[in-house]
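Chain and residue survey
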Amino acid sequence: KALEDRVRQSDPGRKLHACTFGHMANLLLNRDQTSAGWRNTGRQRSGADSLVSDQQIAQWLNLQTVGNLPPRQVAWVCRTTVYSFCLSPLPAIEPRHLPSLGYAASLADIAMLLEYSRLLWQETVRPSAPHIRLPVRNSHRIKFLSMTSEVVFEHFTHVIIDESHELTAPMVQILDRSPQAVITLGDEFQQLSGKASRHGGSIRQRFMTQSIRAGRQMADVLNPLIQLHPSDIKEGFVGRAPYPTRIIGHSIMPIPDKPTTILVANEWGLFAWFRRLTEAGARFQLPAGTAQDLTLFIKGLVLLYREDLRPQHRLIFRHTHWDALASAMGGSHEFKAVHEWLGQGNTEQQFAETLQRFCSEPGAILKLAKVEDVKNQEFDTVLLSRDLMRPPRTGSPHSLASVCSLLYTASSRARHELLLPGNLNDWLQDIGRKAS
């Protein structure tokens, strides 16, 4: 909407159609009225409020226990598998799409989970009965479109993609076979999930390396990350803002006393800072979506700690008992904060009360968020949490890319001041030696 308004202000006669990729996919799919198509014109299944529990999915699809997984958890595994499939370029669901299960699954278990996942995909696209109303998301529609021969509407001459580092493999497949001139604007170092999807070999690439958001000092932080990132792009960052960006390292991060956005990697870092801020009596803002994710995370931790029930949150789903989670976390600071809090007898209800007491002031000067929640925003002062410095998995370029991209994206949100762990450069050099 903002893009359309700005273009039409400068040239009222300009022909422009601005939409999301998901909206374009819906328009393309809905024009196919044959049995091979997938029309979806209602909001009953595609609205943001169309939610179905895993227990309901298990009942609709008659899912059975698989290995250590009861039907409800089988449904979660299938949902996660289908989502991974929808982001991949592959034409069929394969074992690589399965999430970590937390146990050594047999070949029979894997085969059954894959079969159930394919059933979930089929019932999402073409329900076998009227009462099966699985939610339909843009990722489903775009994946289905990528497996057809459809192209972007022929009457358009050019396609411009903003934030193109967020393009999924199916989106790239659709663009690469379409006849239009495609111009993509993005920064692949901000692709938080790993290495960005590549276009076909016929695509010409140009790189913009100058930023008017940050001062030249930001290059000292971002260029080492660019060099460490397993991307082929090694163009150096140049800050061109008319003001300096102060880079301040701290051995122990203070609680800021001026407007500051604190950025963390995930819910572990969120809770560690949540506890530190609330115990210090500091009021702060927590974006609505971030608060919901953190609440689900805490609920899962409480169930795992008190009753050894497998949690539903994606970060801790694979753990079936508390000792397994403790072993996997390796005594990290973030885990210790959670373990101590639970050991004090705290519950989900007490967390909710604390959340309401400290995060209900919209004018609070501090903001706490995950990097993924603010990747398209910028702030005057940004503080990087130490949990962003997580070691990548050995021998995994995607893991190394994700670590570098998290730090790069978090750092580049700052305009005037960036507070970061004082040992960041030494840590990056150590990671670089191990990677090489």
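Report on the accompanying structure. What you see is a predicted model, and the numbers here were worked out from it, not measured in a lab.

Helix and strand content of the protein: 15 helices and ten strands. A compact globule built from 436 residues would reach a C-alpha radius of gyration of about 22 Å, and the protein, at 23 Å, matches this within 12%. Out of the 436 residues belonging to the protein, those deemed buried represent 47%. For the protein, restricting intrachain contacts to residue pairs at least 6 apart in sequence, the fraction spanning at least 24 positions comes to 72%. Counting only carbon and sulfur atoms, one obtains 51% of the accessible surface of the protein, whose full area is about 22500 Å². Counting 49 positive and 41 negative side-chain charges, the protein places the averaged centre of each group 3 Å from the other.

What follows deals with a nonpolar patch on the surface. Among the surface-exposed residues, Ile160, Ile183 and Leu185 lie close enough to one another that they form a single nonpolar patch of about 260 Å² accessible area. When you line up the elements, Leu185 lands in strand β2 (residues 181-185).

A separate point is the pattern of salt bridges. When the charged atoms of two side chains with opposite charge come close together, those side chains can pair. Taken as a whole, this structure holds 19 salt bridges when the rule is applied. Two residues, Glu166 and Lys375, come together in a salt bridge whose shortest N-O distance is 3.1 Å. A residue pair is termed long-range when its members are at least 10 positions apart, and Glu166 in the loop between β1 (158-162) and α7 (169-177) and Lys375 in the loop between β8 (366-370) and β9 (379-384) qualify at 209 residues. For Glu166, a relative accessible area of 29% gives the class partly exposed. Take Lys375: its relative accessible area is 22%, and that puts it in the partly exposed class. Two residues, Lys370 and Glu372, come together in a salt bridge whose shortest N-O distance is 4.0 Å. Its relative accessible area of 39% is what places Glu372 among the partly exposed residues.

Another aspect to go through is the pairing of β2. Consecutive side chains of a regular strand alternate in pointing toward one face of the sheet and then the other. Looking at chain direction, β1 and β2 are connected through five bridges and run parallel. The partner of Val159 across the bridge, within β2, is Val182.

What follows covers the packing of helix α8 (residues 219-228) against helix α14 (residues 397-411). Helix-helix packing: each pair is described by the crossing angle between the helix axes and the interaxial distance. Across the interface, α8 lies against α14 with an axial gap of 9 Å and an inter-helix angle of 160°. Comparing their axes, α14 and α8 come out roughly antiparallel. Classified by chirality, the crossing of α14 by α8 is left-handed. Where α8 abuts α14, its residues Val221, Leu222, Leu225, Ile226 and Leu228 lie against Leu400, Cys404, Leu407, Tyr408 and Ser411. Looking at side-chain class alone, the contact of α8 with α14 contains nine nonpolar, one polar and no charged residues.

This brings us to the packing of aromatic side chains. Evaluation of the coordinates by the stated rule reveals 13 aromatic pairs. Geometrically, the ring pair formed by Phe153 and Phe156 is edge-to-face, given 6.4 Å between the ring centres and 70° between the ring planes. Ring centres of Trp268 and Phe297 lie 5.0 Å apart, and the angle between their planes is 85°; this geometry places the pair in the edge-to-face category. Taken as a pair, Trp268 in helix α9 (residues 267-279) and Phe297 in helix α10 (residues 288-307) lie far apart in primary sequence, 29 residues in all. Assigned by exposure class, Trp268 and Phe297 land together as buried. An aromatic cluster of at least three residues, connected via ring pairs, comprises Trp268, Phe297, Tyr305, Trp322 and Phe335. Above the face of the Trp38 ring, Arg141 is positioned so that its terminal group lies 4.9 Å from the ring centre.

Time to look at the sheet that holds strand β6 (residues 260-264). Taken in spatial order, the six strands line up as β5-β10-β9-β6-β8-β7 in an open sheet, and their pairing is parallel. Every interior strand has two partners, whereas the edge strands, β5 (246-250) and β7 (284-285), have only one. In the sheet, β6 pairs with β9 via three bridges, with the strands oriented parallel. Among the inter-strand pairings, Leu263 is bridged to a residue of β9, identified as Leu384.

In a regular helix each residue adds 1.5 Å, so 20 residues correspond to 28 Å; α10 covers 28 Å between its end C-alpha atoms and thus fits that length. Among all positions in α10, only Thr290, Ala291, Leu294, Phe297, Ile298, Gly300, Leu301, Val302 and Leu304 are buried. Looking at the packing, one finds that the buried side of α10 touches α9, α11 (322-329), α12 (333-343), α13 (348-358) and β8.

This part is about unusual backbone geometry. Even without being glycine, Asn62 reaches a positive phi, approximately 55°. You can see Asn62 is positioned in the loop between α3 (54-61) and α4 (71-87). On the basis of relative accessible area, Asn62 is assigned to the exposed category, the value being 54%. A positive phi angle is found at Glu163, which is not glycine, with a value near 50°. Its place among the elements puts Glu163 in the loop between β1 and α7.

Criteria and thresholds
- Residues numbered from 1 in each chain as written.
- Predicted model: local features only at pLDDT ≥ 70, side-chain atom pairs only at ≥ 80, totals over all residues.
- Heavy atoms only, no water.
- Helix = DSSP H or I, 4+ residues; strand = E, 2+ residues; numbered from the N terminus.
- Rg over C-alpha atoms; globule rule 2.2 N^0.38 Å.
- Buried < 20%, exposed > 50% of the residue type's maximum accessible area, 1.4 Å probe, protein only.
- Contact = heavy atoms within 4.5 Å.
- Areas by Shrake-Rupley, 256 points an atom, 1.4 Å probe, with all protein chains shown as cover.
- Lys, Arg positive; Asp, Glu negative; His and termini not counted.
- Charge placed at Lys NZ, Arg CZ, Asp CG, Glu CD.
- Patch = residues over 30% accessible without salt bridge, like charges linked within 9 Å, V, L, I, M, F, W, Y side chains within 5 Å.
- Salt bridge = Lys/Arg side-chain N within 4 Å of Asp/Glu carboxyl O.
- Pairing = 2+ DSSP bridges.
- Axes fitted to C-alpha atoms, helices over the stretch in contact; angles between N-to-C directions.
- Parallel < 35°, antiparallel > 145°, perpendicular 65-115°, else oblique.
- Left-handed = near helix turned anticlockwise from the far one by under 90°.
- Nonpolar A, V, L, I, M, F, W, Y, C, P; charged D, E, K, R; others polar.
- Phe/Tyr/Trp six-rings, centres within 6.5 Å; stacked < 30°, edge-to-face > 60°.
- Lys NZ or Arg CZ within 6 Å of the ring centre and 35° of its normal.
- Expected span 1.5 Å × (residues − 1).

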